[in-house]
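Topology and contacts: notes
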Amino acid sequence: MPESRDLSHRSHPFVFLAAVVAGGILIYPFITPILLSVLTAYVLNPIVRRLEVHTRSYHIALGILVIIIGLPILFAVVYLSANAALFFQDIEGFGYKLKNAISAVSNALAGIGFVTYTGYFMSAQDITGRITGFSIGLATDFVGSIPFLILEVVVYLYATYHFMRNGQKIIDFIRAYA
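Residue numbers here run from 1 along each chain, matching the order of that chain's written sequence. Predicted model: local features are reported for residues with pLDDT of at least 70 only, side-chain atom pairs are reported and counted for 80 or more only, and whole-chain, interface and lining totals are derived from all residues. The basis for the side-chain values is all heavy atoms of the structure; hydrogens and waters are excluded.

1. Here's the deal with helix α2 (residues 31–55)
Bend at a residue means the angle formed by two fitted axes: the first through the 7 residues ending at that position, the second through the 7 residues beginning there. A helix here means a DSSP run of H or I that spans at least four residues, while a strand means a run of E at least two residues long, and both kinds are numbered starting from the N terminus. Of all bends in α2, the biggest is about 50 degrees, found at Leu44, and the proline Pro46 comes one to four residues later. For the exposure calls, accessible area comes from a 1.4 Å probe over protein chains only, and a residue counts as buried if that area is under 20% of its type's maximum, exposed if over 50%, partly exposed in between. All buried positions along α2 are accounted for by Pro33, Ser37, Thr40, Ala41, Leu44 and Val48. Those residues of α2 that are buried are in contact with α3 (58–82) and α6 (146–177). With its phi angle positive at about 65 degrees, Arg56 sits one or two positions after the end of α2. Contact criterion: two residues are considered in contact whenever any of their non-hydrogen atoms come within 4.5 Å of each other.

In structure tokens:
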């Protein structure tokens, strides 16, 4: 009787390739934080080793370093998101004051008799309005991207911790499958 082949132990390159492609699609939005975390793990590994001497635990030293990196980033994002409304008001107020100043200069020139030059100031008012609208649009886009930015920070911190903790295992795993 011929031996039946057991296909469960056989390598399927198509399945592996499909898994790599699916994984790439899933992590594509987070490529930048992951690459930054690899770089951070490489650069800060000597600091963790020195901190390990004082804490007597590599994991505690690593946790302290990730917290030291993450808190200022998270505080900055929270501060910016909390003060976004004030920033919008500042942009609108500055645009309004600039329009008033341009209008006053235009009226003064018209009063002196330089009516031909007032057209330049009218176009400057139009440009000021467009710049103000553009600035508000940029600020609105930033506020809309805050949740994704926070998610990127969390991915960055987690990946930094993971790459520093298991960096050699990851390198060995990649070499084994490459």
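2. Concerning the nonpolar core
Burial of nonpolar side chains together is a common tendency in soluble globular proteins. Definition of nonpolar core: a set of buried residues of the types Ala, Val, Leu, Ile, Met, Phe, Trp, Tyr and Cys, connected through side-chain atoms within 4.5 Å. Within the largest apolar cluster, 13 residues are counted, with the highest numbers of intra-cluster contacts made by Val48, Leu62, Leu65, Ile69, Leu157 and Met164. Going through the elements one at a time, α2, α3 and α6 are the ones with two or more residues in this core. With 6 residues, α3 is the largest single contributor of residues to this core. Once residues within four sequence positions are removed from consideration, Leu62 is found in contact with Val48, Tyr161, Met164 and Arg165.

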